[in-house]
Amino acid sequence: MRKLPSLKQKNGNKTQPEWFDMEAEKNTNVYVSGLPLDTTEQEFFDFMSKCGIVMMDEDTQVPKIKLYRDEKGDVKGDARCCYLKHESVVLAEDLLDGSIFRDREIHVEQAVFERKGDFNPALRKKKKKPKKKKNKSAQEKLLDWKEGPSGPRRAKSDRVVIFKNVFRPDEFDE
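Residues numbered from 1 in each chain as written. Predicted model: local features only at pLDDT ≥ 70, side-chain atom pairs only at ≥ 80, totals over all residues. Heavy atoms only, no water.

*Asks:* Lay out the overall build of the protein in plain terms, naming residues and giving numbers.
*Replies:* What the protein contains, in helices and strands, is four helices and six strands. Taking all 174 residues of the protein together, the buried fraction comes to 21%. Of the roughly 14700 Å² of accessible surface on the protein, 51% is carried by carbon and sulfur atoms. (Helix = DSSP H or I, 4+ residues; strand = E, 2+ residues; numbered from the N terminus. Buried < 20%, exposed > 50% of the residue type's maximum accessible area, 1.4 Å probe, protein only. Areas by Shrake-Rupley, 256 points an atom, 1.4 Å probe, with all protein chains shown as cover.)

Structure (structure tokens):
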């Protein structure tokens, strides 16, 4: 994952854009190796979704997953998945590393991005102007506990009632 620093420093001098390393706590990408060579994007997405919400591309609304391919377009057996939260990365490493995916043992680790060759900022994707953001982005709404405007709403008079000591634990054994 590449980011360009601001072109202006605090004192107003312009600096050349350069590559920089991402902090491990902010990196939400995992690298998976040992996948079967006929793995599809949907299978990989479903498998990785067990550990958290997979981030969606804001423009295309496609999950941010990548199956690495060779020159012929065949899957090489490794992939990358970008989660919404860093906690999902930790969970994926704990739960999925060494697990079996379609009769093959896979290895899951936090992705490490390394610069290969010289950094050329001219080759970087141009970002479109951001659309006006509403109160929350769509991905933040996925983590929200509140129901959206399309979901059912509770009346203000609705209450949650908790009953205590209604059953004895030994009644469940019967």
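*Asks:* I'd love a proper account of the sheet that holds strand β3 (residues 75–82), names of residues and values included.
*Replies:* In spatial order, the strands read β2-β3-β1-β6; together these four strands make up an open sheet with antiparallel pairing. Across the chains shown, the open sheet's two edge strands, defined by having one partner strand only, are β2 (65–69) and β6 (107–110). Averaged over all pairs of adjacent strands, the angle between strand axes in this sheet comes to 20 degrees, irrespective of strand direction. As paired strands, strand β1 (residues 29–33) and β6 are joined by four bridges and run antiparallel to one another. Paired with Ser33 across the strands is His107, a residue of β6. Against the sheet, helix α1 (residues 41–48) engages β1, β2 and β3, with an angle of about 130 degrees to β2. Sitting on the sheet, helix α2 (residues 86–96) touches β1 and β6, and the angle it makes with β6 is about 150 degrees. (Pairing = 2+ DSSP bridges. Axes fitted to C-alpha atoms, helices over the stretch in contact; angles between N-to-C directions. Contact = heavy atoms within 4.5 Å.)

*Asks:* Mind laying out the pairing of β1, listing which residues take part and the relevant values?
*Replies:* Two faces belong to every sheet, and in a regular strand the side chains alternate between them. Note: β1 against β3, five bridges, orientation antiparallel. Counted as the bridge partner of Ser33 is Asp78 from β3.

*Asks:* So what's going on with α2? Which residues, and what values?
*Replies:* For α2, the set of buried residues is Ser88, Val89, Ala92 and Leu96. Relative to the axis of α2, the buried residues are bounded by an arc of 105 degrees and lie together on one face. Exposed residues lying more than 90 degrees from the buried face of α2 are Glu87 and Asp94. As for α2, its buried residues are in contact with β1, α1 and β6. Gly98 sits one or two residues past α2 and shows a positive phi near 85 degrees. (Arc of directions from axis to C-beta.)

*Asks:* Tell me what's going on with the pairing of β2, and back it up with residues and numbers.
*Replies:* As paired strands, β2 and β3 are joined by four bridges and run antiparallel to one another. Looking at the pairing, Ile65 lines up with Cys81 of β3.

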